[in-house]
Structure formats: C-alpha cells, structure tokens
Amino acid sequence: MHYLPQMLFALVLTIGIGFFIKNVSQLRRNIRLGRALQVNDNKSQRWKNMIKIALGQTKMVVRPIAGFLHIIVYLGFIIINIEVLEIVIDGLFGTHRIGLQLLSKPIYGFLIGAFEILAVLVLIAVIIFWIRRNGIKLKRFLSSEMKGWPKNDGNIILYFEVVLMCLFLVMNAADTNFQVLDSGNIVSQYIAPIFSDMPANTLHLIERSAWWLHIIGILAFLNYLYYSKHLHILLAFPNTYYGKLTPQGQFKNLDAVTQEVKLMMDPNADPFAAPAEDAVEPEKFGASDVTDLSWVQLLNAYTCTECGRCTSECPANQTGKKLSPRKIMMDTRDRLEEVGKNISANKGAFKDDGKQLLGDYISHEELWACTSCNACVQACPVSIDPLSIIMDMRQYLVMEQSSAPSDLNNMMGNIENNGAPWPFNQMDRLNWTSEN
Amino acid sequence: MESSLKVPTMAELFAEGKQPEVLFWVGCAGSFDDRAKKITKAFIKILNKANVAFAVLGTEESCTGDPAKRAGNEFLFQMQAVTNIEVMNAYEVKKVVTACPHCFNTLKNEYPGLGGNYEVIHHTQFLKQLLSEGSITMEGGQYKGKRITFHDPCYLGRANGVYEAPRDLIKKLDAELVEMKSCKSRGLCCGAGGAQMFKEPEKGNKDINVERTEQALETKPEIIAAGCPFCNTMMTDGVKNKEKEASVKVMDIAELIATTEDL
C-alpha cells in the first residue's frame, strides 16, 4: 500500500505523456501531407532567427503592451515548469520536495520564491489578457472568424493558467513544513493564514490535492495543445527556424513552369513531340487543397495562435474587405484536421469527401482582395507567411481554372500581346521622349 | 526644354560599340502612364545633369511580369522574364536602376533564378549615391522647411528593406520630414499592389488609397512624397477624393530633386 501513490503517479504520467506522443505523431503525419520542400540552407541564420524571434520574442514587443504581458506569461511558463521537474521526481520516488535535499535552503528558497513571484505576475497578466479579450472589445478579437470555438479556446487557455498558478500557490501555502522553513514563501505566506486554523489532516489533504491537481492539470494542458491554438508554445520554434530567409518581396518561381518556358524558348525543341513513355504527370499548378501546400505552410497553420496581428495590419481587412490573413491560416488548419481525421477513419487512405480548401473554406473574394503588401508576414510574431498560401491559391485559380476577375484577364491579355498591362503598343514605349 | 532630354537606347550605344554604366529600366507605368511619364522625365533630367552614362531599352523593354505573377499567372510571368533576360543578357547589362519598386523587386529577386543576374537598385538609392558622390547638389532650397511625408511603397520597404534612401533625400532638401502613424515596416499599402491596380477592389467599406491618404493628411503635409508610380496614382486619387488637391501635392522623390535643382 505504501507504493500506491507512486504507482498511481507513474500511471497518470504514462497516460499523459502517452497521449501527448500520440498527438505529436498525428501532428507530424498531418504536416507531412504537404508537398515536399527542402529547407536546409543557411542553418546558422535559421538558428539565429529561432533564438531571436521565438526564444527572444523580438517581434512580440512591436506591440509593447501585449508584448510585455506575453513575455511575463512566457517566462513564467518556462521557469515555473522547473518546479514540474521536482513534482515528477517526488511523485515517482515518493519523496517530498526533493529539491530541499539536493540544494541548500537559501538556493531552494530563492528558486521557489522566484516561482511564486512569477506565478503572481502571470496571474495579473492573464487577467489583463482576459479583459482584453472579453472586456475592452479589441477589434482584432472580435472578427467573424473569432466567434465560437476560437473565442472559447482563447479563454479556456487563460482559465487553465489561472487554475494552475492558484494550485501552485495553494500547494505551497498548505505545506506546513515549507511554511515553517520560511524561505521562498514570499507570496504563499500571505495565503497560509487562511489554512492556519485547520487540523493537520485537512491541511495535508489540501496540500496533496493541490499537488495532484497541479500535475494532472499540466498533463491535461499538454494534451489540450493539439486541439487548441496554443500549439504555438511548441511550434513557434520550428516555425521560426523554417521561416522565409529571402526578401519578403521575392516569390518563388515555379520550377515546373520554368521547364515549360525553357522548352518553348528552345529553337531546337520539337513542338509536336509526343511526351516520353515514362513522362510523369505534370504537377498541378498552385493549390486548391491543403495537400497542394508545402509542409512548411501546413506547419505555419498549426503554429498560428490566432493573435490577429496579421489581420489588423492587413489593408484589405482594415477597409472592410472579407480577407483576413488569420482566417486563411485557421481555414488551412481546420481543413488539414478534417483531411487528417478522414485518413485516420479510412485506415490511412484519404477518401474523397467532395470538399477542398478553396471554395469550401476560403472564397475567391478573399483571395482577390489581397494586395500582396506583406504587412501580414511582417506582423506575425512567429514567422507565418499567409501571403504564400494566398498566392498559391491564386495560381490555381488562374493557371488551372482560368477564373481570374475579368479586369485581370484584360491586364494579362495586354501583357501577352503587347508587353504592358495596358493596351499600348510596345513600339510606342519611347514616345514620351518626344511628348511635352 | 523637353527636347533637350538625352535618352540613349541600348541599341544605339551598342551600334557605337559603347556600353553604358547603368540601364534605366523605365517600366510600363513610366513609359505609358501620363503621371508616371513626368517622373521618368524628372529622373532623366537628373541623370543628364549628373552626366550619368545610362541607356534605356526603349522598344525592346517589356513588362517585367510582376502583375501577372501576383495575379497568379506564373507562366506569363516567366515568359516575360525569360524574354527580358535574353535582351538584357545580350547587351551584357550589369547594373539596372528603376523608378518602379515593382520592377525593382522582380528584377532584383525573381530574375536571378531564371538566369538574369544584375545589380538592381531603386532610383532613390541611385540618387542618394549621386548626391554622396557630389554629382548632384540639391542646393535650390525650394522645399526648405516644407512639411513632407513619405509613403513607403510596399515593394521597396517591407519587401526589400529600403526605408532610408528616400528619407535621406527628403532631409537633404532641408524639408521637414513628418512620419505617418504607419510607416516603414508597418507602412500601409496604397492599395495598388498584387495586381490590384488593374482591377476593381472587392466589396468593403472604404478604398485602401483613401485610408492611406487619410493617414498622410493627418500629418498636415504640404507634399506627400512617393517612390512608386502606382502609389503616386493611388495617393493622387486619394487626395482628390478628400478634395485637398489645391493644398497637398503628391510628388515622386525624383521630381522633388529635379525641381530643387531647377531642371
């Protein structure tokens, strides 16, 4: 019987981590549904970006209030989780506050004291975040794509953090031995008096309950990530690593098209030649569904935490157009999840569901409203590139479906026929020199 | 005065066995758009005054393909690119300057992958070089103390990180440079990019150029400076929409310099 709590703890931990591994493998499989793309250039710059942007939060502070609060929660999250290490060791080996045996009392006190202060700061930050989301009507949290689950998801995450921080403080406050130590109970000493009249047994029960709920809460949160926009706490790191390094204005040139164009320009090519026997089916141009996007674009979609900085900087969105870069990312993730579930339900093979990203999730109107200004790309604190998805989908519309707005067809016709987007003759290109 | 413009073409120089120092890529707007043609001429006047050995492609120039690519027509873009690259490579072009950020971005970033490798600079960068070399002086003082705000073209600023060259030039005019609330990397688009110039906007509650013009007017400028023919059109329309054309002018940096040099 003595080992029962330890066995129970090991079981809870195994289940928690087991589910998490299952979630990660599903996530990995879904991301790999994207088109292959080699990203192994300039590793040192990529590491630098990851350290600067994800670890250093440099793009978060562009908006100082949200950025500052986020840094508190982020630091709190990372640092307070050192405490989890102690909880896991205590849980598995039946010890109590193993840290006190390994470290000297002042060092241990310093650590726990720091955690307690951070916990309070996180609580304050999270409450301000909640007010920003629910009280002061910030425009970027009120867009149409933020109704229902995305809004609830945002709040659930905040409630989770409130509960976890409170449990941590209660756990310390109800721990008589720790309070007697009087080192590191910077915050919990003020909560301890609430429990002072309680019998030792009750106190112990409260302490144990807080301890168990804290670790169970953390494991539950870990497994909540996959179903939530909160995945960014993990994926921000790979996403900033794989982010675009070339100038923002540089859009990729399609290799398949280059082959075609080279062939057309080659005077020795036989225009009537039949395709070789072993010729592969020409690749589809652009993207109509998530599997046409690259795996990096799909990683982008899972990384998005729906903060809406992209949308609030988008000129089309600011002027009331339907386009919202955040919605592009959310739609991509929703459709990818749908495809993933379809594959899981059909023993590993996708069964056509008559749906696709284009049309069923993202409308033509949204795609044609984009000015390709890169404001969304610039605004993203974790290097997501919604513009690349918009451009890939435009490519599909134009090159596979010939369904550009008629004005654009005129413009393209002009370029094709006379080398300018307007109907002017190429031979008149120098006329301005003789005009007044 | 217009007739005094010296605009050699690559073909003429080639026939004389000469190679210019730099190719001036005029672009479609600079060649055909009435407003943009004035920018082209202003820039040429400066080039002539500074005795820059330049040439244009003239009738051998064709659209870079930027609007086609941004509209989703990669095929048309690459056809344009490969054709232009063939012409430029035949003339052994090394350096290109252009007053259009869209041409600038495409030539600089998207042509190398298709065999076109040139040093490409925007005309504001080139003008800054001319100034620091002493080839132009900007001594007119016509804009001294005037409030000028600069609208960042997306394809010059965010797309390629060029924020300072145009601003340095404005400061050299002794003008008072005033910034809009969204500027530099957070500059708001004029609404023309991504092939929007050539189509009607989607349904919304305002036109983007009006929104941007409002931001510009908030700075109480006498001049809204631009560095892109498309931004120029959009901002000019925006100023007209706000009925401010009598008090606020939209001018390209090249025009500001040409006027101050009394060209």
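Scoring rules and cut-offs
Residues numbered from 1 in each chain as written. Chains lettered and ligands numbered in written order. Predicted model: local features only at pLDDT ≥ 70, side-chain atom pairs only at ≥ 80, totals over all residues. Helix = DSSP H or I, 4+ residues; strand = E, 2+ residues; numbered from the N terminus. Rg over C-alpha atoms; globule rule 2.2 N^0.38 Å. Buried ≥ 20, exposed ≤ 12 C-beta atoms within 10 Å, placed from the backbone. Contact = placed C-beta atoms within 7 Å. Nonpolar A, V, L, I, M, F, W, Y, C, P; charged D, E, K, R; others polar. Domains from an automatic or database assignment. Pairing = 2+ DSSP bridges. Axes fitted to C-alpha atoms, helices over the stretch in contact; angles between N-to-C directions.

Undergrad: Just checking my understanding: could you explain the overall build of chain A for this structure?
TA: Check the secondary structure of chain A and you find 20 helices and 0 strands. What you see for chain A is a C-alpha radius of gyration of 28 Å, clearly larger than the 22 Å of a compact globule of 436 residues, by over 25%. With the principal axes as the frame, chain A shows a C-alpha extent of 95 × 60 × 40 Å. Taken over 436 residues, chain A has a buried fraction of 38%. For chain A, the proportion of contacts with a sequence separation of at least 24, taken over those separated by at least 6, is 77%.

Undergrad: How should the interface of chain B and chain A be read in this particular structure?
TA: Where the parts come together, the accessible area they lose is often given as the size of the interface. Of the residues lining the interface, 56 residues belong to chain B; the matching set on chain A comes to 56 residues. Elements with a minimum of two residues in the side of chain B that touches chain A: α2 (27–32), α3 (34–49), α4 (66–71), α5 (74–90), α6 (101–110) and α9 (208–218) of chain B. Counted by class, the side of chain B that touches chain A contains 21 nonpolar, 20 polar and 15 charged residues.

Undergrad: How should I be thinking about the domain arrangement of chain B in this particular structure?
TA: Residues and elements named next belong to chain B. As assigned here, chain B comprises domain 1 (2–129) and domain 2 (137–260). Relative to domain 2, the C-alpha centre of domain 1 lies at a distance of 22 Å. Contacts between the two partners involve 27 residues from domain 1 and, on the opposite side, 26 residues from domain 2. Here the element with the most residues in the side of domain 1 that touches domain 2 is α3; it accounts for 8 residues.

Undergrad: Got a minute to help me understand the sheet that holds strand β2 (residues 54–55) of chain B in this structure?
TA: Two orientations exist for strands paired in a sheet by backbone hydrogen bonds: parallel and antiparallel. Residues and elements named next belong to chain B. Taken in spatial order, the 4 strands of this open sheet run β2-β1-β3-β4, and their pairing is parallel. The two strands at the open ends of the sheet, each matched to only one other strand, are β2 and β4 (119–122). For strand β1 (residues 22–25) and strand β3 (residues 95–98), the ladder comprises 3 bridges, and the chain directions are parallel. Among the inter-strand pairings, Leu 23 is bridged to a residue of β3, identified as Val 96. Relative to the sheet, α6 contacts β1, β3 and β4, its axis offset from that of β4 by approximately 160°. Along the sheet, helix α7 (residues 123–133) contacts β3 and β4; its crossing angle with β4, the most-contacted strand, is approximately 90°.

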